[in-house]
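As a plain string of letters, each chain reads:
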Amino acid sequence: MELHDILAMIISVILIARISDTAVSSEVYAPYLDKYVTKSYFWKHDNLEDLKFEDFIAHDVLSSACVSLQDNIIFAPKLSALHRNLIGEGSHRRLSSSLRLKMSSESVSRPPKSCEVIIVERLPSGVFADPFELQHLVQRGVLREAAVFGDTNLELPSFRSNRSLVEVHLEMGSNLISEQKDEQEIHMELPLHARYQPLGHRFSKVEFAAPDLFLRCNSKGKQHDMSCLFSLDKQSAESNDGHPLWEVPCGSSQHMESVSAFTFILAVVSALLIIVASITYSGETAIETALNND
């Protein structure tokens, strides 16, 4: 092979590589177009950290979100109230969230086809949501969509687990979109479970921060449908205590030796009872077989 042939091959490879890089870089990834807004956060980060997550929402999601609806349609429901409470007792509770959306005084020239409210709960350490339980609620029609991201290992105790977040989608009624109603209240109850807490003194306090709230609307454009995402402002909304507190029971280190001893004795007794039952059952079976043969 001649020298100029080798040089031509090298130049061709370089040009192909540059063209490929340009094609890849020209693809603009928009997380707001995903079914779940927060899914791509964990492509970049291993753990849920509030500052990193807020930066992701501001720069990766909302900054690139479609603005066509804001430009062409004056559709701006406001969050007028947000009430949150913990329901139930023990290690299995429900986080209740009530949102009230109110239409602004501005008119809607061309309302969107449909809208959904997206609630993102950044769960504190020591609490988790069961993905299978949430999917059951979706199948029953209680929730439109729901998913858990982050640490989904349900067996880990609090001190060995990382945080997780839950993204829930709720459908907005058509009456508010078409201005047949100027206000709508949306209610959600999120089932949660407490992880085993580290040994301490009676209770471990778990506090819930305010959720991240979004509104996603779909509108038919000139050539294709458009999906646009807006953030709902919580600052001006009427609110009760926006940070519910869950006091999760935790074991006492003073009782560790006695509990371990009792557990060991109970395990040994159970094993002996199983052995005795097995021997007794085998003996009775042998006797019945002998009688049947006679």
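Residues numbered from 1 in each chain as written. Predicted model: local features only at pLDDT ≥ 70, side-chain atom pairs only at ≥ 80, totals over all residues. Heavy atoms only, no water.

A. Representation of the packing of aromatic side chains. Going through the model one piece at a time under the given rule, you end up with five aromatic pairs. Between Tyr41 and Phe56, the ring centres sit 5.6 Å apart and the planes meet at 70°, which makes this aromatic pair edge-to-face. Note that Tyr41 is positioned in helix α2 (residues 41-44) and Phe56 in helix α3 (residues 50-61), a separation of 15 residues in sequence. Per residue, the accessibility class of Tyr41 equals that of Phe56, and both read buried. Here the aromatic rings of Phe53 and Phe56 are separated by 6.2 Å at their centres, their planes lie at 40°, and the arrangement is tilted. Of this pair, Phe53 and Phe56 both sit in helix α3, three residues apart, which is roughly one turn of that helix. Phe56 carries the same exposure label as Phe53, and that label is buried. (Phe/Tyr/Trp six-rings, centres within 6.5 Å; stacked < 30°, edge-to-face > 60°. Helix = DSSP H or I, 4+ residues; strand = E, 2+ residues; numbered from the N terminus. Buried < 20%, exposed > 50% of the residue type's maximum accessible area, 1.4 Å probe, protein only.)

B. Examining the pattern of salt bridges more closely. For the coordinates displayed, the defined rule picks out 14 salt bridges. Among the salt bridges present, the one from Lys35 reaches Glu145, with a minimum N-O distance of 3.5 Å. Here Lys35, found in the loop between α1 (3-26) and α2, pairs with Glu145, found in strand β5 (residues 145-150); they are 110 residues apart in sequence, far enough to count as distant. On the accessibility criterion, Lys35 (48% relative accessible area) is partly exposed. The exposure class of Glu145 is partly exposed, given its relative accessible area of 23%. Note that Arg100 is salt-bridged to Glu238, the shortest N-O span being 3.2 Å. Taken together, the residues span a long stretch of sequence, with Arg100 in strand β2 (residues 92-102) and Glu238 in strand β11 (residues 238-239) at a distance of 138 residues. Under the relative-accessibility criterion, Glu238 is labelled partly exposed at 43%. Bridged by salt links that share partners, the residues Asp50, Glu54, Arg122, Arg163 and Asp212 form one connected network. (Salt bridge = Lys/Arg side-chain N within 4 Å of Asp/Glu carboxyl O.)

C. Focus on the pairing of strand β3 (residues 114-122). Of all nine residues in β3, eight are buried; the element is thus mostly enclosed. Examined bridge by bridge, β3 and strand β6 (residues 164-171) share seven bridges and lie antiparallel to one another. Bridge pairing in β6 links Val120 to Glu167. (Pairing = 2+ DSSP bridges.)

D. A look at the sheet that holds β2. An order of β4-β7-β2-β1-β11 is seen for the five strands of this open sheet, with the pairing classed as mixed. Strand pairing shows two members of the sheet lacking a second neighbour, β4 (127-128) and β11, which therefore form its edges. The pairing of strand β1 (residues 78-87) with β11 spans two bridges and is parallel. Paired with Ala81 across the two strands is Glu238, which belongs to β11.

E. Seen up close, α3. With twelve residues, α3 should cover 16 Å at 1.5 Å per step; its first-to-last C-alpha distance of 15 Å lies within 8% of that length. Listed as buried for α3 are Phe53, Phe56, Ile57, Asp60 and Val61. With its buried residues spanning 110° around the axis, α3 presents them on a single face. Away from the buried face of α3 by more than 90 degrees, exposed residues Leu51 and His59 are located. (Expected span 1.5 Å × (residues − 1). Arc of directions from axis to C-beta.)

F. The state of the cysteines, seen in detail. For the structure shown, the criterion picks out one disulfide. Here Cys115 is linked by a disulfide to Cys217, with a sulfur-sulfur distance of 2.1 Å. A torsion of 110° about the S-S bond marks the disulfide between Cys115 and Cys217 as right-handed. On the criterion of sequence distance, the pair formed by Cys115 in strand β3 and Cys217 in strand β9 (residues 212-220) is long-range, its members being 102 residues apart. The buried category is assigned to Cys217, whose relative accessible area is 0%. (Disulfide = S-S within 2.5 Å.)

G. The side chain of Ser98, seen in detail. Of note, Ser98 is situated in strand β2. A residue is classified by how much of its surface remains accessible, and Ser98, at 15% relative accessible area, is buried. In this structure the side chain of Ser98 is engaged in a polar contact, spanning 2.9 Å, whose partner is the side chain of His187. Apart from the residues lying within four places of it in its own chain, the contact partners of Ser98 are Ala81, Leu82, His83, Glu185, Ile186 and His187. (Polar contact = N/O pair within 3.5 Å; in protein donor to acceptor, adjacent residues only side chain to side chain. Contact = heavy atoms within 4.5 Å.)

H. Structural detail: the nonpolar core. Counting 37 residues, the largest nonpolar core has Leu134, Leu143 and Leu192 as the members making the most contacts within it. With five residues, strand β7 (residues 183-194) is the largest single contributor of residues to this core. Look past the residues within four positions of Leu134 in its chain and what remains in contact with it is Ala129, Leu143, Ala146, Val148, Val166, Leu190 and Pro191. Core analysis: the next-biggest nonpolar cluster, separate from the first, contains 16 residues, Val37, Tyr41, Leu48 and Val120 among them. (Core = buried A, V, L, I, M, F, W, Y, C linked by side-chain atoms within 4.5 Å.)

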